[in-house]
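Descriptive structure summary
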Amino acid sequence: MDITTMVFVLALGNLALCAALFFFEFGGAKAPSLSTWAISRQCQAAGWLLLYFRGSGVAPDLISIPIGYGLLFAGVALEAGSLWEVAGRPRWRRFAYPLLGVSIAAFLACYWLDPIGLRVVASSLILGGFYLLGAAALALGWRGGSMLRRFLVVTLALLSLLVAARGILVLTMPGGWGWISNTLVQALSSGAFVLLMLLTAFGYLLLSREQLQQELERLETTDALTDVPNRRGFFGLLAPWMALARRPGLPTAVVVLDLDQFKRINDGYGHPAGDVVLRAMVDTCKRQLRDSDILGRMAGVEFALLLPRTDLLDALLVSERIRRAIESTPVKTERAMIKMTASFGVTTIRPEDTTVSLFQRADEALRAAKQGGRNKVVQAVTPVAPEAWVAPTA
Ligand SMILES: Nc1nc2c(ncn2[C@@H]2O[C@H](COP(=O)(O)OP(=O)(O)OP(=O)(O)O)[C@@H](O)[C@H]2O)c(=O)[nH]1
(Lines give C-alpha, C1' and ligand atoms only; values in the text may rest on other atoms or scores of the structure.)
Protein backbone atom coordinates (compact mmCIF):
# COMPACT_ATOMS: atom_id res chain seq x y z
CA MET A 1 0.00 0.00 0.00
CA ASP A 2 1.49 3.37 -0.95
CA ILE A 3 1.67 6.27 1.46
CA THR A 4 -1.22 8.23 -0.12
CA THR A 5 -3.53 5.21 0.21
CA MET A 6 -2.38 4.75 3.80
CA VAL A 7 -3.22 8.38 4.56
CA PHE A 8 -6.62 7.86 2.90
CA VAL A 9 -7.23 4.81 5.11
CA LEU A 10 -6.38 6.90 8.18
CA ALA A 11 -8.75 9.66 7.07
CA LEU A 12 -11.57 7.20 6.37
CA GLY A 13 -11.00 5.29 9.61
CA ASN A 14 -11.16 8.46 11.68
CA LEU A 15 -14.22 9.69 9.75
CA ALA A 16 -15.99 6.38 10.45
CA LEU A 17 -15.19 6.78 14.16
CA CYS A 18 -16.50 10.36 14.09
CA ALA A 19 -19.75 9.17 12.48
CA ALA A 20 -20.17 6.41 15.09
CA LEU A 21 -19.52 8.90 17.90
CA PHE A 22 -21.99 11.36 16.35
CA PHE A 23 -24.78 8.80 16.53
CA PHE A 24 -23.72 7.49 19.94
CA GLU A 25 -26.30 8.50 22.53
CA PHE A 26 -24.24 10.42 25.07
CA GLY A 27 -27.24 10.74 27.39
CA GLY A 28 -27.62 13.49 29.97
CA ALA A 29 -24.26 13.04 31.68
CA LYS A 30 -21.69 13.27 28.94
CA ALA A 31 -18.27 12.21 30.26
CA PRO A 32 -15.80 15.08 29.66
CA SER A 33 -13.16 12.63 28.47
CA LEU A 34 -15.54 11.26 25.83
CA SER A 35 -16.27 14.74 24.43
CA THR A 36 -12.54 15.49 24.30
CA TRP A 37 -11.92 12.18 22.61
CA ALA A 38 -14.68 12.84 20.03
CA ILE A 39 -13.14 16.25 19.19
CA SER A 40 -9.70 14.65 18.94
CA ARG A 41 -11.05 12.19 16.37
CA GLN A 42 -12.64 15.00 14.33
CA CYS A 43 -9.34 16.90 14.26
CA GLN A 44 -7.45 13.78 13.20
CA ALA A 45 -10.00 12.93 10.50
CA ALA A 46 -9.81 16.47 9.09
CA GLY A 47 -6.00 16.49 9.30
CA TRP A 48 -5.52 13.17 7.49
CA LEU A 49 -8.11 14.13 4.86
CA LEU A 50 -6.28 17.37 4.13
CA LEU A 51 -2.97 15.51 3.86
CA TYR A 52 -4.60 13.00 1.51
CA PHE A 53 -5.84 15.85 -0.72
CA ARG A 54 -2.30 17.20 -0.70
CA GLY A 55 -0.92 13.78 -1.68
CA SER A 56 -3.36 13.47 -4.56
CA GLY A 57 -2.50 16.97 -5.76
CA VAL A 58 -5.87 18.56 -4.93
CA ALA A 59 -4.77 20.88 -2.12
CA PRO A 60 -1.67 23.10 -2.35
CA ASP A 61 1.21 22.38 0.10
CA LEU A 62 1.15 25.88 1.52
CA ILE A 63 -2.35 25.35 2.92
CA SER A 64 -2.59 21.59 3.43
CA ILE A 65 0.72 21.10 5.26
CA PRO A 66 0.43 23.73 8.04
CA ILE A 67 -3.31 23.23 8.55
CA GLY A 68 -3.27 19.44 8.05
CA TYR A 69 -0.40 18.86 10.48
CA GLY A 70 -1.77 21.48 12.91
CA LEU A 71 -5.06 19.53 13.05
CA LEU A 72 -3.21 16.25 13.46
CA PHE A 73 -1.11 17.59 16.34
CA ALA A 74 -4.22 19.01 18.01
CA GLY A 75 -6.07 15.71 17.50
CA VAL A 76 -3.32 13.56 18.98
CA ALA A 77 -2.73 16.05 21.84
CA LEU A 78 -6.46 16.01 22.69
CA GLU A 79 -6.49 12.23 22.48
CA ALA A 80 -3.66 12.09 25.01
CA GLY A 81 -5.61 14.64 27.09
CA SER A 82 -8.72 12.45 27.14
CA LEU A 83 -6.56 9.63 28.53
CA TRP A 84 -5.21 11.95 31.25
CA GLU A 85 -8.80 12.87 32.00
CA VAL A 86 -9.68 9.18 32.37
CA ALA A 87 -6.63 8.82 34.64
CA GLY A 88 -8.20 11.41 36.96
CA ARG A 89 -6.06 14.43 35.97
CA PRO A 90 -8.63 16.96 34.73
CA ARG A 91 -6.09 19.79 34.67
CA TRP A 92 -4.14 18.36 31.73
CA ARG A 93 -5.21 21.35 29.55
CA ARG A 94 -2.89 23.64 31.51
CA PHE A 95 0.07 21.75 30.11
CA ALA A 96 -1.30 20.37 26.85
CA TYR A 97 -2.41 23.65 25.26
CA PRO A 98 0.91 25.51 25.72
CA LEU A 99 2.77 22.36 24.59
CA LEU A 100 0.55 22.15 21.51
CA GLY A 101 1.16 25.84 20.74
CA VAL A 102 4.94 25.41 21.04
CA SER A 103 4.82 22.23 18.92
CA ILE A 104 2.87 23.92 16.10
CA ALA A 105 5.24 26.92 16.18
CA ALA A 106 8.29 24.61 16.10
CA PHE A 107 6.79 22.63 13.22
CA LEU A 108 6.08 25.80 11.19
CA ALA A 109 9.62 27.04 11.80
CA CYS A 110 11.06 23.69 10.65
CA TYR A 111 8.79 23.69 7.59
CA TRP A 112 9.87 27.20 6.71
CA LEU A 113 13.57 26.28 7.10
CA ASP A 114 13.39 22.94 5.28
CA PRO A 115 10.03 21.90 3.73
CA ILE A 116 11.04 18.22 3.46
CA GLY A 117 13.74 16.99 5.88
CA LEU A 118 13.12 19.12 8.96
CA ARG A 119 9.35 18.96 8.48
CA VAL A 120 9.44 15.14 8.66
CA VAL A 121 11.70 15.29 11.72
CA ALA A 122 9.43 17.74 13.52
CA SER A 123 6.13 16.03 12.65
CA SER A 124 7.39 12.56 13.61
CA LEU A 125 8.82 13.72 16.92
CA ILE A 126 5.73 15.77 17.83
CA LEU A 127 3.22 13.04 16.95
CA GLY A 128 5.32 10.32 18.59
CA GLY A 129 5.72 12.54 21.67
CA PHE A 130 1.99 13.18 22.06
CA TYR A 131 1.17 9.49 21.61
CA LEU A 132 3.79 8.70 24.25
CA LEU A 133 2.10 11.17 26.63
CA GLY A 134 -1.15 9.24 26.12
CA ALA A 135 0.64 5.97 26.95
CA ALA A 136 2.11 7.67 30.06
CA ALA A 137 -1.42 8.59 31.22
CA LEU A 138 -2.47 4.94 30.96
CA ALA A 139 0.73 3.85 32.72
CA LEU A 140 -0.38 5.79 35.82
CA GLY A 141 -2.82 2.97 36.51
CA TRP A 142 -0.26 0.22 35.86
CA ARG A 143 -0.21 -1.00 39.46
CA GLY A 144 -3.47 -2.81 40.04
CA GLY A 145 -4.43 -2.14 36.40
CA SER A 146 -5.97 -4.79 34.16
CA MET A 147 -4.06 -6.79 31.56
CA LEU A 148 -5.84 -4.72 28.89
CA ARG A 149 -4.43 -1.50 30.34
CA ARG A 150 -0.91 -2.94 30.53
CA PHE A 151 -1.13 -4.26 26.98
CA LEU A 152 -2.22 -0.82 25.78
CA VAL A 153 0.60 0.93 27.66
CA VAL A 154 3.27 -1.31 26.14
CA THR A 155 1.94 -1.33 22.56
CA LEU A 156 1.15 2.40 22.51
CA ALA A 157 4.62 3.19 23.84
CA LEU A 158 6.31 0.95 21.24
CA LEU A 159 4.26 2.35 18.35
CA SER A 160 4.86 5.94 19.54
CA LEU A 161 8.60 5.25 19.56
CA LEU A 162 8.33 3.81 16.05
CA VAL A 163 6.62 7.00 14.86
CA ALA A 164 9.29 9.15 16.55
CA ALA A 165 12.09 6.88 15.23
CA ARG A 166 11.40 8.05 11.70
CA GLY A 167 12.22 11.63 12.69
CA ILE A 168 15.33 10.58 14.57
CA LEU A 169 16.59 8.51 11.62
CA VAL A 170 16.01 11.32 9.12
CA LEU A 171 17.81 13.72 11.45
CA THR A 172 20.81 11.54 12.29
CA MET A 173 21.17 9.35 9.19
CA PRO A 174 19.49 10.98 6.20
CA GLY A 175 20.67 8.15 3.90
CA GLY A 176 19.24 5.40 6.13
CA TRP A 177 21.04 2.88 8.36
CA GLY A 178 22.25 -0.26 6.61
CA TRP A 179 19.25 -2.11 5.24
CA ILE A 180 16.92 0.14 7.22
CA SER A 181 16.14 2.65 4.50
CA ASN A 182 14.09 5.78 4.99
CA THR A 183 11.39 4.33 2.74
CA LEU A 184 11.09 1.26 4.98
CA VAL A 185 10.89 3.40 8.12
CA GLN A 186 8.30 5.63 6.42
CA ALA A 187 6.17 2.56 5.57
CA LEU A 188 6.55 1.22 9.11
CA SER A 189 5.64 4.56 10.62
CA SER A 190 2.52 4.80 8.40
CA GLY A 191 1.56 1.29 9.52
CA ALA A 192 2.14 2.41 13.12
CA PHE A 193 -0.32 5.28 12.59
CA VAL A 194 -3.00 2.84 11.40
CA LEU A 195 -2.37 0.55 14.38
CA LEU A 196 -2.38 3.54 16.74
CA MET A 197 -5.73 4.64 15.33
CA LEU A 198 -7.23 1.18 15.89
CA LEU A 199 -5.60 0.57 19.26
CA THR A 200 -6.46 3.94 20.76
CA ALA A 201 -10.06 3.64 19.51
CA PHE A 202 -10.66 0.10 20.77
CA GLY A 203 -8.49 0.69 23.82
CA TYR A 204 -10.35 3.83 24.84
CA LEU A 205 -13.77 2.21 24.41
CA LEU A 206 -12.80 -1.03 26.19
CA LEU A 207 -11.15 0.88 29.03
CA SER A 208 -14.28 3.03 29.45
CA ARG A 209 -16.36 -0.13 29.59
CA GLU A 210 -13.99 -1.64 32.12
CA GLN A 211 -14.23 1.45 34.31
CA LEU A 212 -18.02 1.40 34.10
CA GLN A 213 -18.05 -2.26 35.12
CA GLN A 214 -15.80 -1.52 38.11
CA GLU A 215 -18.03 1.38 39.15
CA LEU A 216 -21.13 -0.84 38.94
CA GLU A 217 -19.41 -3.46 41.08
CA ARG A 218 -18.40 -0.79 43.59
CA LEU A 219 -21.95 0.55 43.77
CA GLU A 220 -23.26 -2.93 44.62
CA THR A 221 -21.59 -2.63 48.02
CA THR A 222 -21.24 1.16 48.42
CA ASP A 223 -23.85 3.79 49.15
CA ALA A 224 -23.79 6.31 46.30
CA LEU A 225 -24.78 9.31 48.46
CA THR A 226 -22.38 8.94 51.37
CA ASP A 227 -19.70 6.71 49.79
CA VAL A 228 -19.66 4.33 52.76
CA PRO A 229 -20.50 0.58 52.55
CA ASN A 230 -24.20 -0.06 52.08
CA ARG A 231 -26.09 -2.82 53.92
CA ARG A 232 -24.67 -5.52 51.66
CA GLY A 233 -21.13 -4.12 51.88
CA PHE A 234 -21.36 -3.77 55.65
CA PHE A 235 -22.56 -7.35 56.16
CA GLY A 236 -19.71 -8.54 53.93
CA LEU A 237 -17.19 -6.71 56.14
CA LEU A 238 -18.92 -7.90 59.32
CA ALA A 239 -18.77 -11.63 58.42
CA PRO A 240 -15.13 -12.32 59.46
CA TRP A 241 -15.69 -10.53 62.78
CA MET A 242 -18.75 -12.68 63.48
CA ALA A 243 -16.58 -15.77 62.98
CA LEU A 244 -13.82 -14.34 65.17
CA ALA A 245 -16.26 -13.69 68.02
CA ARG A 246 -16.37 -17.47 68.61
CA ARG A 247 -12.71 -17.39 69.63
CA PRO A 248 -11.36 -16.03 72.89
CA GLY A 249 -9.99 -12.50 72.77
CA LEU A 250 -11.16 -8.91 72.70
CA PRO A 251 -14.76 -8.55 71.54
CA THR A 252 -15.96 -6.56 68.54
CA ALA A 253 -18.64 -3.95 69.05
CA VAL A 254 -21.51 -3.03 66.76
CA VAL A 255 -23.37 0.26 67.10
CA VAL A 256 -26.58 1.18 65.30
CA LEU A 257 -27.23 4.90 65.01
CA ASP A 258 -30.17 6.76 63.58
CA LEU A 259 -30.52 10.49 63.01
CA ASP A 260 -33.33 12.00 65.06
CA GLN A 261 -36.44 13.41 63.42
CA PHE A 262 -34.83 13.61 60.05
CA LYS A 263 -38.22 13.87 58.38
CA ARG A 264 -38.45 17.38 59.82
CA ILE A 265 -35.17 18.37 58.13
CA ASN A 266 -36.41 17.06 54.78
CA ASP A 267 -39.81 18.73 55.21
CA GLY A 268 -38.36 22.01 56.44
CA TYR A 269 -35.37 22.49 54.15
CA GLY A 270 -35.93 20.07 51.27
CA HIS A 271 -34.49 16.71 50.26
CA PRO A 272 -31.23 18.11 48.78
CA ALA A 273 -30.47 19.83 52.11
CA GLY A 274 -31.24 16.51 53.82
CA ASP A 275 -28.67 14.84 51.58
CA VAL A 276 -26.06 17.47 52.50
CA VAL A 277 -26.77 16.83 56.19
CA LEU A 278 -26.38 13.07 55.70
CA ARG A 279 -23.00 13.48 54.00
CA ALA A 280 -21.83 15.90 56.69
CA MET A 281 -22.93 13.50 59.42
CA VAL A 282 -20.86 10.73 57.82
CA ASP A 283 -17.80 13.04 57.75
CA THR A 284 -18.34 13.93 61.41
CA CYS A 285 -18.54 10.24 62.35
CA LYS A 286 -15.46 9.32 60.33
CA ARG A 287 -13.43 12.00 62.12
CA GLN A 288 -14.18 10.29 65.44
CA LEU A 289 -13.29 6.78 64.26
CA ARG A 290 -10.10 4.78 63.87
CA ASP A 291 -8.98 3.65 60.43
CA SER A 292 -9.90 0.08 61.32
CA ASP A 293 -13.47 1.02 62.29
CA ILE A 294 -16.17 0.67 59.64
CA LEU A 295 -19.19 2.88 59.12
CA GLY A 296 -22.00 1.60 56.91
CA ARG A 297 -25.39 2.87 55.81
CA MET A 298 -28.05 0.28 56.62
CA ALA A 299 -31.18 2.00 55.33
CA GLY A 300 -32.56 5.55 55.09
CA VAL A 301 -30.93 7.50 57.91
CA GLU A 302 -29.86 4.45 59.90
CA PHE A 303 -26.14 3.70 60.02
CA ALA A 304 -24.05 1.00 61.69
CA LEU A 305 -20.56 1.05 63.14
CA LEU A 306 -18.26 -1.93 63.38
CA LEU A 307 -15.60 -1.38 66.03
CA PRO A 308 -13.10 -4.25 65.92
CA ARG A 309 -11.39 -5.26 69.18
CA THR A 310 -13.51 -2.92 71.25
CA ASP A 311 -15.35 -3.93 74.42
CA LEU A 312 -18.75 -2.61 75.43
CA LEU A 313 -17.39 0.14 77.67
CA ASP A 314 -15.11 1.55 74.96
CA ALA A 315 -17.89 1.25 72.38
CA LEU A 316 -20.16 3.29 74.67
CA LEU A 317 -17.43 5.93 75.01
CA VAL A 318 -16.90 6.09 71.23
CA SER A 319 -20.65 6.35 70.65
CA GLU A 320 -20.95 9.12 73.21
CA ARG A 321 -18.08 10.99 71.53
CA ILE A 322 -19.80 10.71 68.15
CA ARG A 323 -23.16 11.73 69.64
CA ARG A 324 -21.60 14.88 71.06
CA ALA A 325 -19.75 15.63 67.81
CA ILE A 326 -22.98 15.35 65.78
CA GLU A 327 -24.88 17.50 68.26
CA SER A 328 -22.23 20.23 68.29
CA THR A 329 -21.58 20.33 64.52
CA PRO A 330 -24.36 22.20 62.71
CA VAL A 331 -24.36 21.65 58.97
CA LYS A 332 -24.17 24.59 56.60
CA THR A 333 -26.66 24.25 53.75
CA GLU A 334 -27.80 26.77 51.15
CA ARG A 335 -30.78 27.84 53.22
CA ALA A 336 -29.69 27.47 56.82
CA MET A 337 -27.35 26.05 59.42
CA ILE A 338 -29.02 22.79 60.38
CA LYS A 339 -28.55 21.25 63.81
CA MET A 340 -29.14 17.58 64.32
CA THR A 341 -28.81 14.80 66.83
CA ALA A 342 -28.61 11.02 66.68
CA SER A 343 -29.58 8.08 68.86
CA PHE A 344 -27.37 5.03 69.41
CA GLY A 345 -27.84 1.36 70.28
CA VAL A 346 -24.61 -0.35 71.36
CA THR A 347 -23.71 -4.01 71.73
CA THR A 348 -20.84 -6.46 71.24
CA ILE A 349 -20.84 -9.60 69.09
CA ARG A 350 -21.44 -12.72 71.15
CA PRO A 351 -20.18 -16.20 70.21
CA GLU A 352 -23.72 -17.51 69.65
CA ASP A 353 -24.82 -14.48 67.60
CA THR A 354 -26.17 -14.51 64.08
CA THR A 355 -26.42 -11.20 62.22
CA VAL A 356 -30.17 -11.31 62.94
CA SER A 357 -29.79 -11.69 66.71
CA LEU A 358 -26.95 -9.13 66.78
CA PHE A 359 -28.94 -6.45 64.99
CA GLN A 360 -32.12 -7.31 66.88
CA ARG A 361 -30.27 -6.51 70.12
CA ALA A 362 -28.69 -3.33 68.78
CA ASP A 363 -32.01 -2.18 67.28
CA GLU A 364 -33.79 -2.75 70.59
CA ALA A 365 -31.22 -0.56 72.30
CA LEU A 366 -31.67 2.07 69.58
CA ARG A 367 -35.43 1.94 70.06
CA ALA A 368 -34.93 2.43 73.80
CA ALA A 369 -32.77 5.49 73.05
CA LYS A 370 -35.52 6.93 70.84
CA GLN A 371 -38.21 6.20 73.40
CA GLY A 372 -36.05 7.70 76.12
CA GLY A 373 -36.13 11.09 74.38
CA ARG A 374 -33.59 10.68 71.50
CA ASN A 375 -30.01 12.06 71.35
CA LYS A 376 -28.91 9.24 73.64
CA VAL A 377 -26.54 6.28 73.74
CA VAL A 378 -28.11 3.08 75.10
CA GLN A 379 -26.40 -0.26 75.59
CA ALA A 380 -28.17 -3.50 74.68
CA VAL A 381 -29.60 -5.48 77.53
CA THR A 382 -27.31 -8.32 78.54
CA PRO A 383 -29.29 -11.58 78.81
CA VAL A 384 -29.09 -13.21 82.19
CA ALA A 385 -27.00 -16.38 81.98
CA PRO A 386 -29.12 -19.44 82.97
CA GLU A 387 -26.76 -20.46 85.77
CA ALA A 388 -26.83 -16.94 87.24
CA TRP A 389 -30.58 -16.83 87.30
CA VAL A 390 -32.04 -17.54 90.78
CA ALA A 391 -35.74 -18.36 91.14
CA PRO A 392 -37.53 -15.94 93.47
CA THR A 393 -38.57 -17.45 96.76
CA ALA A 394 -42.21 -17.29 97.75
N1 LIG B 1 -32.64 13.64 52.26
C2 LIG B 1 -32.72 12.33 52.43
N3 LIG B 1 -33.67 11.83 53.24
C4 LIG B 1 -33.74 10.51 53.43
C5 LIG B 1 -32.85 9.63 52.77
N6 LIG B 1 -33.15 8.39 53.16
C7 LIG B 1 -34.20 8.47 54.01
N8 LIG B 1 -34.57 9.75 54.18
C9 LIG B 1 -35.65 10.30 54.98
O10 LIG B 1 -35.31 10.22 56.35
C11 LIG B 1 -36.53 10.17 57.11
C12 LIG B 1 -36.37 9.10 58.16
O13 LIG B 1 -37.46 9.12 58.95
P14 LIG B 1 -37.69 8.13 60.15
O15 LIG B 1 -36.39 7.43 60.49
O16 LIG B 1 -38.85 7.27 59.88
O17 LIG B 1 -38.06 9.07 61.31
P18 LIG B 1 -37.37 10.38 61.78
O19 LIG B 1 -38.08 11.54 61.21
O20 LIG B 1 -35.89 10.35 61.53
O21 LIG B 1 -37.65 10.31 63.32
P22 LIG B 1 -37.03 9.34 64.41
O23 LIG B 1 -36.23 8.28 63.71
O24 LIG B 1 -38.20 8.77 65.15
O25 LIG B 1 -36.20 10.21 65.26
C26 LIG B 1 -37.65 9.90 56.12
O27 LIG B 1 -38.38 11.09 55.94
C28 LIG B 1 -36.94 9.53 54.82
O29 LIG B 1 -37.65 9.97 53.68
C30 LIG B 1 -31.87 10.20 51.91
O31 LIG B 1 -31.03 9.51 51.29
N32 LIG B 1 -31.84 11.54 51.76
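Residues numbered from 1 in each chain as written. Predicted model: local features only at pLDDT ≥ 70, side-chain atom pairs only at ≥ 80, totals over all residues. Heavy atoms only, no water.

Structural notes on the overall build of the protein chain
Stated formally: Helix numbering and strand numbering both begin at the N terminus, where a helix is a DSSP run of H or I of at least 4 residues and a strand a DSSP run of E of at least 2. The cut-offs for exposure are 20% and 50% of the maximum accessible area for each residue type, with area from a 1.4 Å probe on protein chains only; residues under the lower value are buried, those over the upper are exposed, and the others partly exposed. Contact between two residues is taken to exist if any of their heavy atoms lie within 4.5 Å; hydrogens are not considered. Under the convention used here, a 1.4 Å probe and the Shrake-Rupley method define accessible areas, while residue burial counts only the protein chains that appear.
If you tally the helices and strands in the protein chain, you get 12 helices and 7 strands. The buried share of the protein chain, reckoned over its 394 residues, is 44%. Across the protein chain, every contact between residues at least 6 apart in sequence was considered, and the portion connecting residues at least 24 apart equals 71%. Working note: accessible area of the protein chain is about 21100 Å², and carbon and sulfur atoms make up 64% of it.

A closer look at unusual backbone geometry
Most peptide bonds adopt trans geometry, and most residues besides glycine take a negative phi value. Its identity as a non-glycine residue notwithstanding, Q261 has a phi of 45 degrees, on the positive side. Here Q261 shows up in the loop between β1 (253–259) and α9 (262–269). A relative accessible area of 35% means that Q261 is categorised as partly exposed. Positive phi, close to 55 degrees, is recorded for N375, a residue that is not glycine. Tracing the backbone shows N375 in the loop between α12 (355–371) and β7 (377–379).

Describing helix α3 (residues 61–86)
To be explicit about the condition: Multiplying 1.5 Å by the helix residue count minus one yields the expected span of that helix.
For α3, spanning 26 residues, the distance from its first C-alpha to its last is 37 Å, which sits close to the expected 38 Å at 1.5 Å a residue. In terms of burial, α3 is a largely internal element, 19 of the 26 residues being buried. After α3 finishes, the residue G88 shows a positive phi value of roughly 85 degrees.

Topic: the packing of helix α6 (residues 147–172) against helix α7 (residues 182–221)
We apply this condition: Under this scheme, a helix contributes an axis fitted over its contacting stretch, all axes are lines through C-alpha atoms, and angles between N-to-C directions fall in the 0 to 180 degree range. Roughly parallel covers angles under 35 degrees, roughly antiparallel covers those over 145, roughly perpendicular covers 65 to 115, and oblique covers all other angles. In a left-handed crossing the near helix is turned counterclockwise from the far helix by less than a right angle, and in a right-handed crossing that turn is clockwise. The nonpolar class holds Ala, Val, Leu, Ile, Met, Phe, Trp, Tyr, Cys and Pro. Asp, Glu, Lys and Arg form the charged class, and all remaining residues, Gly among them, are polar.
For the pair α6 and α7, the least separation of the axes is 9 Å and the interaxial angle reads 155 degrees. Relative to α7, the element α6 lies roughly antiparallel. Note that α6 runs across α7; the crossing there is left-handed. Classifying every residue of the contact of α6 with α7 gives 18 nonpolar, 7 polar and 3 charged.

Things to note about empty space enclosed by the protein
Condition: A pocket, in this scheme, is an open set of points on a 1 Å grid over the protein atoms alone with protein on both sides within 12 Å along at least 5 of 7 lines, while a cavity is a set where a 1.4 Å probe fits but cannot get out; residues line either one if an atom lies within 4 Å of a point. Grid points are joined across faces, edges and corners, and a volume is the space filled by probe spheres set on the points.
Under the defined criterion, the tally for this structure stands at 2 cavities of 30 Å³ or more. Lining the largest cavity we find V76, E79, A80, L83, F130, Y131, G134, L156 and T200. When contributions to the lining of the largest cavity are tallied by element, the ones reaching two or more residues are α3 and α5 (117–139). Among the elements that take part in the lining of the largest cavity, α3 stands out by supplying 4 residues, more than any other. Looking at the lining of the largest cavity residue by residue, the classes come out as 6 nonpolar, 2 polar and 1 charged. Approximately 40 Å³ is the volume attributed to the second largest cavity.

Some remarks on the packing of aromatic side chains
Note the threshold: Between rings of Phe, Tyr and Trp, where Trp is taken as its six-membered ring, a pair exists when centres lie within 6.5 Å; planes separated by under 30 degrees are stacked, by over 60 edge-to-face, and by other angles tilted.
Taken as a whole, this structure holds 12 aromatic pairs when the rule is applied. Ring geometry for F73 and F107: centres 5.2 Å apart, planes at 80 degrees, overall edge-to-face. Of this pair, F73 sits in helix α3 while F107 sits in helix α4 (residues 93–113), placing them 34 residues apart in sequence. Grouping aromatic residues by their ring pairs yields a cluster made of Y69, F73, F107 and Y111.

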